[in-house]
Amino acid sequence: MYRNHTCGEIRMENSGQEVLLAGWVQTVRNLGGMTFIDLRDRYGITQLVVDDHTTDAVKNIASTLGREFVVQARGIVRERSSKNAKIPTGEVELHITELNILNEAVTPPFTIMDDTDGGDELRMKYRYLDLRRETVRKNLELRAKMAHVVRNYLDSKNFIETETPVMIKSTPEGARDFVVPSRMNPNQFYALPQSPQLFKQLLMVAGFDRYYQIVKCFRDEDLRADRQPEFTQIDCEMSYVHQEDVLNMFEGLTKHLFKELKGIDIVDFPRMTFAEAFERYGNDKPDLRFGMVIHELTDLVKGKEFKLFEEAEYIGGICATGCGEYTRKQLDALTEYIKKPQIGGTGLVYAKVNPDGSVKSSVDKFYSPDELMAWADRFGAQSGDLLLIMFGSREKTLPVISSLRLEMGRQCGFMDKENFKPLWVVDFPLLEWNEETQRFFAMHHPFTSPKPEDIGLLDTDPGKVRANAYDLVINGVEIGGGSVRIFDSALQAKMFKILGFTKEAAEDQFGFLMNAFKFGAPPHAGIAFGFDRLVSMFAGLDSIRDVIAFPKNNSGRDVMNDSPSPIAQAQLDELYLKLVKSE
Ligand code: ASP
């Protein structure tokens, strides 16, 4: 037997007992006649002590220990003289009677403690050592627990967990596919799934009725902060349901997760249309932890010879509650913030509501005091508030206001990570026009059904068609998304046509789906949650990397095993692949 207890469970009640522990040496402190060893395993840390009463044999072994040695220690539990209230085992220590080195360790490249001295890249390179740290491991434990709770919940609702293939047909719509060359089928390729979308729809045709899978998905996208080329979804599909049924089911799952994992009762779960989210929050994932909603001023400000407003299609902004005391310097910093290229703002007009209710603005010479008061009224502003107003085209300005709103939320301390505000955003547009390629793309994916009342518009004004598509948003983060599907092969064919597929291309890529639909496809709908995102949000983290055991870095590389990497010529030959020089 290697051990009969873990390093995290010994307490005062065990005093006098003999126990056997195994773990890693975190620290060795030599204090004259006494040596203290912190022994760590997954469950915690127990202090081992070597003193005058310890045998010479044990003393000799103890004197050779280094950090991260793997050891086994037998000893008697006793009360500590100087207790450590910070750890659960801090009242006791183990006076060791037997010590075995199970394995030695070279000095680790960084300290394996909560406050490590290792930088990001170094910790990624030695991820297995980073994972020994409690702060990192507990995120993975939360991940495992969440997966378990999700499974229990969905199993209890009759969902069948079904695996779908990882090597599939390439259907390059949406992101780019990662592809896998086939040795047995020269010059042909599998793709790794961007999601199991088509398979789960086929499972509905197959009569599975309710499907789920916690599944790896792969997207070869340009890496942005916090994107991983492989990530995990909680993927679900249901038959004989309307949008409302799906929203209720997954609202239930979301509430259940908050209750089970965080002890939080989510009461409000509002729904907002895409159009409203855009008008009031400037984006399709509103952060509802704070107000500062956007108000439009266009109708109030025109006709006053203020050129910037005269030329703008849209003028609007937010009221930053209690920020009326912002200094010139702070206001200039906000202007600089919105003018950053990635934000894309053109300028910022501000107005402060004075203690007497009068309004002082940066454009006083164009507007009378009463006119400025009317602006303040529109926002419901009080004395001490600051109005921040932006202008330009509606499409471009609302997102700029949204960025500033979030920045003000940060500055005002409204982004409490333990305050969770979920909502559904519904009625997304079906299609998105792409200027560059001069064609429509599906906003969600090509299998999303238009709202029945908008189907007529498909022929006349496709850009106006709304979809039965929905996103689950929590604290400004898109956590999940899904849609009611098209289940009629004629409508699906029409959709492919609008998306610019020739009949042949649609047949080649999606023929199997349209064919399946001819055999009695039930009405169906589904959703997928970003599992990594959900875990990182529950863990209070900003990055999904921290909830993935072996993540890639920001360039999509695994720095631990140095991949992607070249392959041998013989492998290339077998796969009929030829290397070309890259820039
Ligand atoms: N397959 C979709 C996605 O990955 C989700 C869905 O529509 O169910 O975003």
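The preceding data block contains the structure.
Treat the numbers as computed from the prediction; the structure is a model and nothing was measured.

A. Inspection of the site of the ligand at higher detail. Looking at the ligand, there are 13 residues lining it, with Gln197, Lys200, His444, His445 and Arg485 nearest. At 2.9 Å from an oxygen atom of the ligand is found a side-chain nitrogen or oxygen belonging to His445. Ile527 is positioned such that a nitrogen or oxygen atom in its backbone is 3.4 Å from an oxygen atom of the ligand. Protein chains shield 89% of the accessible area of the ligand, which is 270 Å² for the free molecule. Among the elements of the structure, helix H5 (197-205), strand E21 (477-484) and strand E22 (524-530) are those that each provide at least two residues to the shell around the ligand. Top element by residues in the shell around the ligand is E22. It accounts for three residues. Per-class residue counts for the shell around the ligand are two nonpolar, eight polar and three charged.

B. Quick look at the pairing of strand E2 (residues 34-41). Most of E2 sits out of view: seven of its eight residues are buried. Note that strand E1 (residues 18-31) and E2 share seven bridges and pair antiparallel. Bridge pairing links Trp24 to Arg40 in E2. In the sheet, E2 pairs with strand E3 (residues 44-50) via seven bridges, with the strands oriented antiparallel. Bridging across to E3, Arg40 finds its partner in Ile45. The loop that links E2 with its antiparallel partner E3 comprises two residues.

C. Inspection of the packing of helix H7 (residues 274-281) against helix H12 (residues 394-411) at higher detail. The interhelical angle for the contact between H7 and H12, taken along N-to-C directions, is 65°, at an axis separation of 8 Å. In terms of orientation, H7 lies roughly perpendicular with respect to H12. Of the residues in H12, those touching H7 at Phe278, Glu279 and Tyr281 are Arg394, Glu395, Leu398, Pro399, Ser402 and Arg405. The residue makeup of the contact of H7 with H12, split by class, is four nonpolar, one polar and four charged.

So, how was this worked out
- Residues numbered from 1 in each chain as written.
- Predicted model: local features only at pLDDT ≥ 70, side-chain atom pairs only at ≥ 80, totals over all residues.
- Heavy atoms only, no water.
- Near = heavy atom within 4 Å.
- Polar contact = N/O pair within 3.5 Å; in protein donor to acceptor, adjacent residues only side chain to side chain.
- Areas by Shrake-Rupley, 256 points an atom, 1.4 Å probe, with all protein chains shown as cover.
- Helix = DSSP H or I, 4+ residues; strand = E, 2+ residues; numbered from the N terminus.
- Nonpolar A, V, L, I, M, F, W, Y, C, P; charged D, E, K, R; others polar.
- Buried < 20%, exposed > 50% of the residue type's maximum accessible area, 1.4 Å probe, protein only.
- Pairing = 2+ DSSP bridges.
- Axes fitted to C-alpha atoms, helices over the stretch in contact; angles between N-to-C directions.
- Parallel < 35°, antiparallel > 145°, perpendicular 65-115°, else oblique.
- Contact = heavy atoms within 4.5 Å.

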